[in-house]
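One letter stands for each residue in the lines below.
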Amino acid sequence: MKKFLAILLSMVMVLSCVAFAETPTDVAVDPETIPDNMTATDGVYKVAFVTDLGQLKDKSFNEGTWNGVKSYAYANDLSYKYYQPANGDQATDDDRYDAMKAACDAGAEVVVCAGFAQEVALTKAATEYPNVNFVFIDGWPLGLSNVAPIAFCEEQSGYLAGYAVVKDGFTKLGFSGGGGGTNPACNRYGYGFAQGANAAAAEMGVQVELKYTWQYGATFSASPELQSMMAGWYENGTEIVFACGGSIFNSITAAASANDAYVVGVDVDQSFQSDTVVTSALKGLVAATEWAIGKHFAGEWATIGNVPTSLGATDDAVGLPTATWGLETWTVAEYETLMQSIKDGTLVIDNTNKQGDEIKTVEFSNLTVIYE
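Per-chain numbering applies: the sequence of each chain, read as written, is numbered from 1 onward. Where totals are concerned, whole chains, interfaces and linings use all residues; where local detail is concerned, this predicted model gives features only for residues with pLDDT of at least 70, and gives and counts side-chain atom pairs only at 80 or more. Hydrogens are left out, water is left out, and the side-chain values use all remaining heavy atoms of the structure.

A. Representation of helix 9 (residues 332–343) within the structure. The end-to-end C-alpha distance of helix 9 is 16 Å, a good match for the 16 Å that 12 residues give at a rise of 1.5 Å each. Only protein chains enter the accessibility calculation, which uses a 1.4 Å probe; a residue is then buried when its area is under 20% of its type maximum, exposed when over 50%, and partly exposed in between. The numbering of helices and of strands both runs from the N terminus, where a helix is a DSSP run of H or I of at least 4 residues and a strand a run of E of at least 2. Taken residue by residue, helix 9 has Y335, L338, M339, S341 and I342 as its buried positions. Down the axis of helix 9, the sector holding all buried residues measures 155°, keeping them to one side. Here a residue-residue contact requires only that any non-hydrogen atoms of the pair lie within 4.5 Å. Check the buried side of helix 9 and you find it contacts helix 4 (154–167) and strand 12 (318–319). Residue G345 follows helix 9 closely and has a positive phi angle near 85°. In this scheme, a helix's expected span is set at 1.5 Å multiplied by one less than its residue total. To be clear, the arc concerns the directions from the helix axis to the C-beta atoms.

B. Seen up close, the packing of helix 4 against helix 5 (residues 184–204). Lines fitted to the C-alpha atoms define the axes, with helices restricted to the stretch that makes contact. Angles between their N-to-C directions range from 0 to 180 degrees. The N-to-C vectors of helix 4 and helix 5 enclose an angle of 35°; their axes lie 6 Å apart at closest approach. Our pair here, helix 4 against helix 5, has a crossing hand that is right-handed. Tallied by class, the residues present in the contact of helix 4 with helix 5 amount to 13 nonpolar, six polar and five charged. It is the rotation of the near helix from the far one that decides the hand of a crossing: anticlockwise by less than a right angle makes it left-handed, clockwise makes it right-handed. Note on residue categories: nonpolar means Ala, Val, Leu, Ile, Met, Phe, Trp, Tyr, Cys or Pro, charged means Asp, Glu, Lys or Arg, and polar means any other residue, Gly included.

C. Quick look at the sheet that holds strand 5 (residues 147–152). Strand pairing requires that DSSP identify at least two bridges connecting the strands. Taking strand neighbours across the sheet as the criterion, the six strands line up as 2-1-3-4-5-11 in an open arrangement whose pairing is parallel. At either end of the open sheet lies a strand with only one pairing partner, and these are strand 2 (80–83) and strand 11 (309–311). Here the average twist between neighbouring strands, direction ignored, is 20°. Inspection of the sheet shows strand 4 (residues 133–137) paired to strand 5 by four bridges, in the parallel sense. In the sheet register, V135 faces strand 5, and the bridge partner there is A148. Its contacts with the sheet put helix 3 (residues 119–128) on strand 3 (110–114), strand 4 and strand 5, and the angle it makes with strand 4 is roughly 170°.

D. The arrangement of the packing of aromatic side chains in detail. Note on aromatic pairs: the rings of Phe, Tyr and Trp (six-membered ring only in Trp) are paired at centre separations within 6.5 Å, and the planes decide the class, stacked below 30 degrees, edge-to-face beyond 60, tilted for the rest. One pass over the full model with this rule turns up 18 aromatic pairs. Judged by centre distance (5.6 Å) and plane angle (70°), the rings of F175 and F242 are edge-to-face. Within this pair, whereas F175 is found in strand 6 (residues 172–177), its partner F242 is found in strand 8 (residues 240–244), the two being separated by 67 residues in sequence. Owing to a relative accessible area of 0%, F242 belongs among the buried residues under this scheme. Through pairs of rings, three or more aromatic residues link up here, namely F175, Y189, F193, Y212, W214, F242 and Y371. Here, a charge over a ring is recorded when the distance from Lys NZ or Arg CZ to the ring centre is within 6 Å and its angle to the ring normal is within 35 degrees. One cation-aromatic arrangement involves K124 over Y97; the distance from NZ or CZ to the ring centre is 4.1 Å. When the ring centre of Y191 is taken as reference, the NZ or CZ atom of K354 above it lies at 5.5 Å.

E. The arrangement of the nonpolar core in detail. What we call a nonpolar core is a set of buried Ala, Val, Leu, Ile, Met, Phe, Trp, Tyr and Cys residues that are connected through their side-chain atoms within 4.5 Å. Within the largest apolar cluster, 50 residues are counted, with the highest numbers of intra-cluster contacts made by L173, L210, F242 and W330. The residues contacting F242, other than those within four sequence positions of it, are G158, G174, F175, S176, Y189, F193, V264, G265, V266 and A281. Judged by nonpolar contacts, the second largest core, of 29 residues, contains L78, L285, I304 and A317.

F. A look at helix 1 (residues 61–75). Relative to the 21 Å expected for 15 residues at 1.5 Å per residue, helix 1 spans 21 Å between its end C-alpha atoms, a close match to the ideal helical length. When you tally the buried positions in helix 1, you get 13 out of 15 residues, the bulk of the element. Immediately downstream of helix 1, the backbone of D77 shows phi near 55°, a positive value.

G. Here's a closer look at empty space enclosed by the protein. As defined here, a cavity is a set of points on a 1 Å grid over the protein atoms alone where a 1.4 Å probe fits but cannot get out. A pocket is an open set with protein on both sides within 12 Å along at least five of seven lines, and residues line them when an atom is within 4 Å of a point. Grid points are joined across faces, edges and corners, and a volume is the space filled by probe spheres set on the points. In total, this model carries three cavities of 30 Å³ or more according to the counting rule given. Lining the largest cavity are 16 residues, with D52, F61, N183, F220 and D267 positioned closest to its centre. Its residues assigned to classes, the lining of the largest cavity comprises seven nonpolar, four polar and five charged.

H. Seen up close, the pattern of salt bridges. In what follows, salt bridge is the name for a side-chain nitrogen of Lys or Arg lying within 4 Å of a carboxyl oxygen of Asp or Glu. According to the stated counting rule, one finds 15 salt bridges in the structure shown. For the salt bridge of D138 with K283, the shortest nitrogen-to-oxygen distance reads 2.9 Å. Linking D138 in the loop between strand 4 and strand 5 with K283 in strand 10 (residues 277–283), this pair joins segments that are 145 residues apart in sequence. Neither D138 nor K283 differs from the other in exposure class; each is buried. Connected through shared salt-bridge partners, D36, K57, K59, E63 and K70 make up one network.

I. Region of interest: the sheet that holds strand 9 (residues 262–267). Taking strand neighbours across the sheet as the criterion, the seven strands line up as 12-10-9-8-6-7-13 in an open arrangement whose pairing is mixed. Whereas interior strands pair on both sides, the edge strands pair on one side only; in this sheet they are strand 12 and strand 13 (367–371). As defined by bridge partners, strand 8 adjoins strand 9 across three bridges and the pair is classed as parallel. Bridge pairing in strand 9 links V241 to V263.

J. Examining the side chain of D138 more closely. For D138, a relative accessible area of 10% translates into the label buried. Polar contacts here mean pairs of N or O atoms no more than 3.5 Å apart (in protein, one a potential hydrogen donor and the other a potential acceptor; neighbouring residues in sequence count only if both atoms are side-chain atoms). Separated by 2.9 Å, the side chains of D138 and K283 make a polar contact. In this view, D138 contacts F61, G115, F116, I150, A151, F152, E154, A185 and K283; residues no more than four positions away in its chain are not counted.

K. Inspection of the side chain of N62 at higher detail. Within the fold, N62 resides in helix 1. Beyond its immediate sequence surroundings of up to four residues, N62 is in contact with F49, T51, D52, L53, G54, Q55, L56 and A114.

Structure representation (structure tokens):
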């Protein structure tokens, strides 16, 4: 196989987040061992989580954020609860608002809301509950002091993943994104992936192909349609696909497994889910969520409320998982050298939010992008 089966050293992202050193979580506990449900004897749940599109246990964005919520609450002996908006993947702004309202009415001091789709409901809820603080993961300032927007430099992780797989010998790549091309985080991941692949190809003097699509990813859910599309890609020569969007990972790994092909995971280290995963483009969801919640309980909310926070390489908040390294010819040492060039500013990656197929306007020297 192209990828050695890595020994799973951790069920969470293996990144030490320098910027989050002040997080008051003293004991490291595998969040997978912390129950998803607990009962507060007084019926008050002080820390709450409202899920994004998709399911809580998506082994990606929702679950990574939830693990941060659970980890902080568990370490600090706080009650916690998650709220999944009604109607699943078809949830409306009203459904999301109702989930936030339920959290506030149950006594939440901090409500963590995951995903760009939360904006409208979050604005309404934060306005109506000014004494509750809200953490907007993958968000932006809403003009409200009780909302802390936490974003990531996904283009850096995407770049590292694209660069890595080309350096490892892959020349026929794919990208399948969630959010239908409207999710800024997925847009940055995809554009970064293309930039990294092109840079590695230029250094190696080779030409690389990238199939690129937002089809069947709008709800971040697995589907027979997406699996069929990915199977077609693999059958026609695509070697590895960046599965960028929650549970769509399941459709893509199923197609990869059936075709002896490969996958790049997203948000968290997904190597333990499928032996088709070569590497994953990571962001520090657990640590960032803990850090933001901790600001509330430390009385330091004013430092992040309505303040745009974007976490990247200089914060050790993005990268590739080295503990489960699945690349054969590109080494951890080479990865660390490239990462350092991002940290010191030698390498600057374009972080433009290329919505939908706007990446079509970009000219790459050694990368041919095929849009589907």
